[in-house]
Amino acid sequence: MNVTIVGGSFSGVYCAIKVKELYPSFDVLLIEKKEKIGYIPSGLSMLLNGEIDTLDEAYFMTKEELEESGIIVLTSTEVISYDLSNKMIQTSNGIKLFDKLVLATGSSQKSSKMFDEFSDIKTYKDRESAEITLKSLTEVQEVVVIGAGQAGMELASGLIHHGKTVHVIETMDYPLYKYFDKDFLESFYTTTGKIEGLTFYFNETVKQIDDSTLLFSSGNAIDIKEKLVLSANSVRPELSIFDNQLKSNSDNTIFVDDYLETSVQDVFAVGDLIQVPSFIFQTNVYAPLIVNAVQTSLTCAKNMIEKKEILRPMLKTIGVKLFDYYLASTGLMESEAFLYDERVKSVMMTLPISTIYKKDVTVKLVYNALTYHLLGVQLISKEPVLDKINTFALMIKEKIDIRTLNQLPHFYHAVFANTSLSFGDAFGKGDDLSEI
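Not measured: the values here are computed from a predicted model.

Participant: Mind showing me how you'd approach the state of the cysteines here?
Facilitator: Should the sulfur atoms of two cysteines be covalently bonded, the bond is a disulfide. What the rule picks out here adds up to zero disulfides. Distance from the sulfur of Cys 15, which forms no disulfide, to the nearest cysteine sulfur (Cys 300) is 4.2 Å. Look at Cys 300 and you get buried, because its relative accessible area is 0%.

Participant: Explain the sheet that holds strand β2 (residues 27-31) to me, please; I cannot follow it from the model alone.
Facilitator: Within a sheet, neighbouring strands are paired by backbone hydrogen bonds and run either parallel or antiparallel to one another. Pairing in this open sheet of five strands is parallel, and the strands run β3-β2-β1-β7-β17 from one edge to the other. The sheet is open, and its two edges are formed by β3 (72-74) and β17 (267-269), each paired on a single side. In this sheet, adjacent strand axes meet at a mean angle of 20° when their direction is disregarded. With four bridges joining them, strand β1 (residues 2-6) and strand β7 (residues 100-103) adopt parallel strand pairing. Bridging across to β7, Ile 5 finds its partner in Val 102. Strands in contact with helix α1 (residues 10-22) are β1, β2 and β7; relative to β2, the strand with the most contacts, it is inclined by about 175°.

Participant: Quick question: what am I supposed to make of the pairing of strand β10 (residues 165-169) here?
Facilitator: When a strand is regular, its side chains alternate between the sheet's two faces. Most of β10 is tucked away: four of the five residues are buried. Regarding the hand of the β-α-β motif, the stretch spanning strand β9 (residues 142-146), helix α5 (residues 150-161) and β10 is right-handed. Examined bridge by bridge, β10 and strand β11 (residues 198-201) share four bridges and lie parallel to one another. Each residue of the ladder has a partner; that of Val 166, found in β11, is Leu 198. Chirality of the crossover, the property in question, places the unit of β10, helix α6 (residues 182-192) and β11 among those that are right-handed.

Participant: Whenever I open this one, helix α7 (residues 290-302) confuses me. Can you help?
Facilitator: Working note: α-helix, 3.6 residues per turn, so residues spaced by three or four point in the same direction. Helix length check: α7, at 13 residues, gives a terminal C-alpha distance of 19 Å against a target of 18 Å (1.5 Å per residue), a fit within 8%. Every buried residue of α7 is accounted for by Asn 292, Ala 293, Val 294, Thr 296, Ser 297, Thr 299, Cys 300 and Ala 301. Those residues of α7 that are buried are in contact with α1, β7, β17 and β18 (276-277).

Participant: What exactly am I supposed to notice about the nonpolar core here?
Facilitator: Membership of the largest hydrophobic core comes to 96 residues, with the highest contact counts inside it found for Leu 103, Leu 185, Phe 188, Ile 254 and Leu 327. Ignoring sequence-local partners within four residues, the contact set of Leu 327 consists of Leu 176, Phe 180, Leu 185, Phe 188, Ile 318, Gly 319, Val 320, Leu 322, Leu 379, Ile 380 and Leu 386. Counting residues in each nonpolar core, the second largest holds 31 residues, with Leu 332, Val 347, Met 349 and Ile 389 among its members.

Participant: Can you help me understand a negative patch on the surface in this one?
Facilitator: Taken together, the side chains of Glu 64, Glu 65, Glu 67 and Glu 68 present a region of like negative charge at the surface. Mapped onto the secondary structure, Glu 65 falls in helix α3 (residues 63-67). A residue is classified by how much of its surface remains accessible, and Glu 65, at 39% relative accessible area, is partly exposed.

Participant: Got a minute to help me understand the packing of aromatic side chains in this structure?
Facilitator: Scanning the entire structure with this criterion turns up 13 aromatic pairs. Each ring, one from Phe 10 and one from Phe 60, has its centre 3.9 Å from the other, and the planes form 10°; the classification is stacked. Within this pair, whereas Phe 10 is found in helix α1, its partner Phe 60 is found in the loop between α2 (43-48) and α3, the two being separated by 50 residues in sequence. We note that Phe 10, like Phe 60, is buried. Ring geometry for Tyr 23 and Phe 26: centres 4.7 Å apart, planes at 10°, overall stacked. A relative accessible area of 11% means that Phe 26 is categorised as buried. Directly above the ring of Phe 255 sits Lys 247, whose terminal nitrogen or CZ lies 4.3 Å from the centroid.

Participant: I keep staring at the pattern of salt bridges and nothing clicks. Help me out?
Facilitator: Any two side chains of opposite charge can pair, on the condition that their charged atoms come close. Throughout the structure, instances matching the rule amount to 18 salt bridges. Notably, a salt bridge pairs Glu 131 with Arg 127, separated by 2.7 Å at the nearest N-O pair. A residue pair is termed a helical-turn pair when its members lie 3 or 4 positions apart in one helix, as Glu 131 and Arg 127 do in helix α4 (residues 127-137) at four residues. Through salt bridges with shared partners, one network takes in Asp 181, Asp 183, Glu 334 and Lys 364.

Participant: Teacher, can you tell me more about the sheet that holds strand β23 (residues 360-368) here?
Facilitator: Here we have five strands laid out as an open sheet, ordered β20-β21-β24-β23-β22, and antiparallel in their pairing. Because the sheet does not close on itself, it has two edges, and the strands there are β20 (317-322) and β22 (344-352). Strand-to-strand twist in this sheet, taken as the mean axis angle between neighbours without regard to direction, amounts to 10°. In this structure, strand β21 (residues 325-331) lies alongside strand β24 (residues 374-381), joined through six bridges in antiparallel fashion. What sits directly across from Ser 329, in β24, is Gln 378. The strands that α6 touches are β20, β21, β22, β23 and β24; relative to β24, the one it contacts most, it runs at about 20°. The strands that helix α8 (residues 388-397) touches are β20, β21, β23 and β24; relative to β24, the one it contacts most, it runs at about 170°.

Cut-offs applied
- Residues numbered from 1 in each chain as written.
- Predicted model: local features only at pLDDT ≥ 70, side-chain atom pairs only at ≥ 80, totals over all residues.
- Heavy atoms only, no water.
- Disulfide = S-S within 2.5 Å.
- Buried < 20%, exposed > 50% of the residue type's maximum accessible area, 1.4 Å probe, protein only.
- Pairing = 2+ DSSP bridges.
- Helix = DSSP H or I, 4+ residues; strand = E, 2+ residues; numbered from the N terminus.
- Axes fitted to C-alpha atoms, helices over the stretch in contact; angles between N-to-C directions.
- Contact = heavy atoms within 4.5 Å.
- Right-handed = clockwise from strand over helix to strand, strands pointing away.
- Expected span 1.5 Å × (residues − 1).
- Core = buried A, V, L, I, M, F, W, Y, C linked by side-chain atoms within 4.5 Å.
- Patch = residues over 30% accessible without salt bridge, like charges linked within 9 Å, V, L, I, M, F, W, Y side chains within 5 Å.
- Areas by Shrake-Rupley, 256 points an atom, 1.4 Å probe, with all protein chains shown as cover.
- Salt bridge = Lys/Arg side-chain N within 4 Å of Asp/Glu carboxyl O.
- Lys, Arg positive; Asp, Glu negative; His and termini not counted.
- Charge placed at Lys NZ, Arg CZ, Asp CG, Glu CD.
- Phe/Tyr/Trp six-rings, centres within 6.5 Å; stacked < 30°, edge-to-face > 60°.
- Lys NZ or Arg CZ within 6 Å of the ring centre and 35° of its normal.

In structure tokens form, the structure reads like this:
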């Protein structure tokens, strides 16, 4: 059996490893157009934030490590065209035939709200573009970042850390809107807006750009002479190479069934190419997160020969450090309540992280107003609390009643933890004390 996987990032690499683990006798071929596999898309931000010293450290896997598993790896090999019905791929390294094909080609930084021909805008998602951008950064003091999502804010944080003057443009009226409610983040974005060298442009969309001016749809403009313009827009897949051989969804993602098989038999798609089932909304959504890429790839590998395991519903969970803040989010936001079938309520509280150290974490709980089941959690603190979001994600999946949170078996230590009674005390200060 010849299994060919196209794409050498998280989804492609983990799918190859799992297929070889489950079916050692199979020939597994991974094709990657870049010189190396395993580049971490946030490599430039990690470098600018001082988390790594060089882009050479921004890899989670090497070609040699993957080949040790018995997987054949072809790098610097670009797929030119697909003939899916005849199970054939035309590549820059010749024609490749397959019995099973996994598409793991990922996504790129493009925006449906901007014209693609804005060639003056640079990206940084792959190693090559990150190298070019890094070189360009040595020639400018001011940088314009388009997009205030997770990627854009991580980049802005790194650029400020590197002493640059940064202008951040966002279509919405606050940053990180996909993961946090505006009221919850108010203190964060009003505080970061006062950071020297950082300027936000909210409610603005780029209409036109040339060598000297970036023009907004509102008519306002920024002089970009001697400034570098970087795109941190939301990613999206590029499907034109498949020449309409595959059924697609309305959001330009590839349609797959519950087992990750596309509309063409023996052709699968994973990672940023597809929608995933949502645990909260009971429907499929586009959630291009690395954890989802890995989960879809592992499930795909298990269904390679026989359809026996459906992709389980997923939660949207992130954690990030920006400037001096640690932020994390999982599940439903209150601003998404109109998409949820039942009535939603929320409570927000600030708690001491431990009995001894008087550091705070602010928490917002979103819950079902009828059942009190926990639906979503947002955290922000100047202390490293990101790991706590995984516990809350598990509570959501287990449909924990928030009235019982203070009865769960919490660990307590005066130095490292707060008392388990704190949630109850906090609810006493919340807007739903009488009901809870």
